[in-house]
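Here is how the chains run, residue by residue.
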Amino acid sequence: MPNLDQYLDQQREQFENELYELLRIPSISTDSQHGEDVRRAAGWLVDHLSNLGLTTELIENGGHPIIYAESAPVAGAPTVLVYGHYDVQPPDPLDQWLTPPFEPTVRDGNVYARGATDDKGQMLTHVKSAQAWLQTEGKLPVRLKFLIEGEEEVGSDSLYRLLDQSPEKLECDVVVVSDTSQFGPGQPAITYGLKGIAYFELRLKGPKQELHSGTFGGAVTNPANTLARMIAALTDENGRVQIPGFYDDVIPLSDQERSQFAELAFDEAAFMQQIGVDGVSGEQGYSTLERRWARPTCDVNGIWGGYQGEGGKTVLPAEAGAKFSFRLVPNQDTKKIAESLRQMLTGLCPPGIKMELIDMHSCPGVLVPLDSPYVAAASQAIERGFGRQPVFIREGGSIPIVTAFSEKLGVDTLLLGWGLDDDNTHGPNEKFCLADFHRGIKASAYLWEELSKIGQ
Ligand code: BES
Ligand code: ZN
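Residues numbered from 1 in each chain as written. Chains lettered and ligands numbered in written order. Predicted model: local features only at pLDDT ≥ 70, side-chain atom pairs only at ≥ 80, totals over all residues. Heavy atoms only, no water.

A. Layout of the overall build of the protein chain. Across its full length, the protein chain holds 14 helices and 18 strands. Seen through its principal axes, the protein chain has C-alpha atoms that stretch 85 × 50 × 45 Å. The buried share of the protein chain, taken over its 456 residues, is 54%. Sequence separation of 24 or more characterises 79% of the internal contacts of the protein chain that already satisfy a separation of 6 or more. In the structure as shown, the protein chain presents an accessible area of about 20,000 Å², 47% of it carried by carbon and sulfur atoms. Separation of charge centres in the protein chain, based on 38 positive and 64 negative side chains, amounts to 3 Å. (Helix = DSSP H or I, 4+ residues; strand = E, 2+ residues; numbered from the N terminus. Buried < 20%, exposed > 50% of the residue type's maximum accessible area, 1.4 Å probe, protein only. Contact = heavy atoms within 4.5 Å. Areas by Shrake-Rupley, 256 points an atom, 1.4 Å probe, with all protein chains shown as cover. Lys, Arg positive; Asp, Glu negative; His and termini not counted. Charge placed at Lys NZ, Arg CZ, Asp CG, Glu CD.)

B. Quick peek at the site of ligand 1. In the neighbourhood of ligand 1, 15 residues make up the surrounding shell, with Asp118, Glu152, Asp179, Arg327 and His426 lying closest. Take glutamate 153: an N or O atom from its side chain is 3.1 Å from an oxygen atom of ligand 1. The contact in question runs from a nitrogen atom of ligand 1 to an N or O atom on the backbone of serine 398, over 2.8 Å. Here ligand 1, which alone exposes 510 Å², has 87% of that area covered by the protein. Of the residues in the shell around ligand 1, the class split is 3 nonpolar, 6 polar and 6 charged. (Near = heavy atom within 4 Å. Polar contact = N/O pair within 3.5 Å; in protein donor to acceptor, adjacent residues only side chain to side chain. Nonpolar A, V, L, I, M, F, W, Y, C, P; charged D, E, K, R; others polar.)

C. Fine view of empty space enclosed by the protein. For the structure shown, the criterion picks out 2 cavities of 30 Å³ or more. Empty space within the largest cavity amounts to approximately 50 Å³. Only α1 (4-10), α2 (12-23) and α14 (434-452) provide two or more residues apiece to the lining of the largest cavity. Sort the elements by how many residues they give to the lining of the largest cavity and α14 lands first, with 3 residues. Class assignment for the residues of the lining of the largest cavity results in 3 nonpolar, 1 polar and 3 charged. Lining the second largest cavity, in full, are Ile190, Val368, Pro369, Leu370, Ser372, Val375, Asp412, Thr413 and Leu414. In terms of residue class, the lining of the second largest cavity is built from 6 nonpolar, 2 polar and 1 charged. (1 Å grid on protein atoms, 1.4 Å probe; cavity = no way out; pocket = protein on both sides within 12 Å on 5 of 7 lines; lining within 4 Å. Points joined across faces, edges and corners; volume = space filled by probe spheres on them.)

D. Summary view of the packing of helix α7 (residues 223-234) against helix α11 (residues 334-348). Where α7 meets α11, the closest approach of the two axes is 10 Å, and the angle between their N-to-C directions is 140°. Comparing the axis directions of α7 and α11 gives the class oblique. Viewed along their axes, α7 and α11 form a crossing whose handedness is right-handed. Contacts between α7 and α11 involve Met230, Ala233 and Leu234 from the former and Leu341, Met344, Leu345 and Leu348 from the latter. Here the residues of the contact of α7 with α11 sort into 7 nonpolar, no polar and no charged. (Axes fitted to C-alpha atoms, helices over the stretch in contact; angles between N-to-C directions. Parallel < 35°, antiparallel > 145°, perpendicular 65-115°, else oblique. Left-handed = near helix turned anticlockwise from the far one by under 90°.)

E. Summary view of the sheet that holds strand β18 (residues 431-433). Read from one edge of the open sheet, 3 strands run β4-β5-β18, paired in antiparallel fashion. The two strands at the open ends of the sheet, each matched to only one other strand, are β4 (105-107) and β18. Taking each pair of neighbouring strands and ignoring which way they run, the sheet shows an average axis angle of 30°. Here strand β5 (residues 110-112) runs beside β18; their pairing, made up of 3 bridges, is antiparallel. Among the inter-strand pairings, tyrosine 112 is bridged to a residue of β18, identified as lysine 431. (Pairing = 2+ DSSP bridges.)

F. Region of the structure containing the coordination of the zinc ion (ligand 2). Only His85 (NE2), Asp118 (OD), Asp179 (OD) and Asp179 (OD) from the protein reach the zinc ion (ligand 2) as donors, at distances of 1.8 to 2.4 Å. Here the donor residues of the zinc ion (ligand 2) share one chain and are spaced in sequence as H-x32-D-x60-D. Linking histidine 85 in strand β3 (residues 79-85) with aspartate 118 in helix α4 (residues 116-136), this pair joins segments that are 33 residues apart in sequence. Like aspartate 118, histidine 85 is buried. (Donors = N, O, S within 2.8 Å, 3.2 Å for Na, K, Ca; no water.)

G. How the structure looks around the side chain of threonine 226. With respect to the helices and strands, the residue threonine 226 is situated in helix α7. Note on threonine 226: relative accessible area 3%, which makes it buried. One polar contact links the side chain of threonine 226 to the main-chain carbonyl oxygen of asparagine 222, over a distance of 2.9 Å. Those residues in contact with threonine 226 that sit more than four places away from it in its chain are Leu204, Thr221, Pro350 and Ile353.

Listed below in structure tokens is the structure:
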């Protein structure tokens, strides 16, 4: 019988092949045409987890199914809730993928596929580490509860309902999530802060149909011109948000945190090169890391209206619209912001335009305490798995349910990211480094052992 480390080494290829199986399923949660695929991915996980000997359930809760699986209780050791998601973002723009998004392809030690890092690959590390314990030791050193949802990328509605309806089912001592990033290649990290989000769609309707812009322009309000004016009013030229009261509840960055950020080896030139820009900009008085991790922002996510085809067409469009979102920092109130935004845009809406503002979803930002024995155990496990001590970072992405774990279950979440900033999350050519996949599995396997030493 191999020991844990031997087993992990022997199973490398098998683990990779299983990851590719899951990556082949286009479980795009936002696209109703992929409803069946989302179910297929959920079914794959149910089979997989129950084959490991875990008590597994497919929870139907209104939206995409949630998978719940648990191992046996371990007396005197903590219960750990492992959260992850099997849904993925749409693969568009398709023509920019070098290989098809749902045909996982290995190049230079990375697997390329939608969901490779976000979050199928990262999530699977914990399933595989549980398998390694069960296959070599016959049991886990802590009780694990897996909670894997299919709506993370669309706001987690079903999971919020589950937390309200059955919090006792999810009772635990700590939550573990791998859906974030390392600080850089070879430098693992524990993330202690995530941004929140407030996401909106704005639709402006003008005349009942497109008009000749010569005959009607200047006298009839143009929805695309109006949209441009409204979007421009959201921020100043440095990206500072102009909604009244937006910064009221923002907690200023402490000098201590600013100097911690400054001590991290962040290479701005390499960052610009990675994303293909020759300059960066943002709120005055803040560094790039501060802007990305700890200051609220506003971004247009999509914008449309009027003629987009070849050549020119002189029309005054009948409608125009945009999707835009604010990334929020802890303590900002999503409701207050939505109300203030609505008031501001209503005030900017001229005669002849009907405005519809849709509040799509939101969640607050979150900070998790670092002075806990769980964080110490995670640091230890990461050092053993990755061969290097983690640094402590914040990140700009959002994982909506993390706030609810602390509010509804009263527990902290360990955000242990195995991804990298250049993984092209949500973009074309998403990837995950296979060496990090295996290091993540190792770190996870050691994490169960380190956490078991804490007791209850
Ligand atoms: N894995 C990301 C969250 C993330 C991204 C954390 C980058 C840290 C760094 C997650 O799957 C995600 O993308 N979440 C969405 C949530 C939103 C749709 C409510 C996000 O942040 O856009
Ligand atoms: Zn994710």
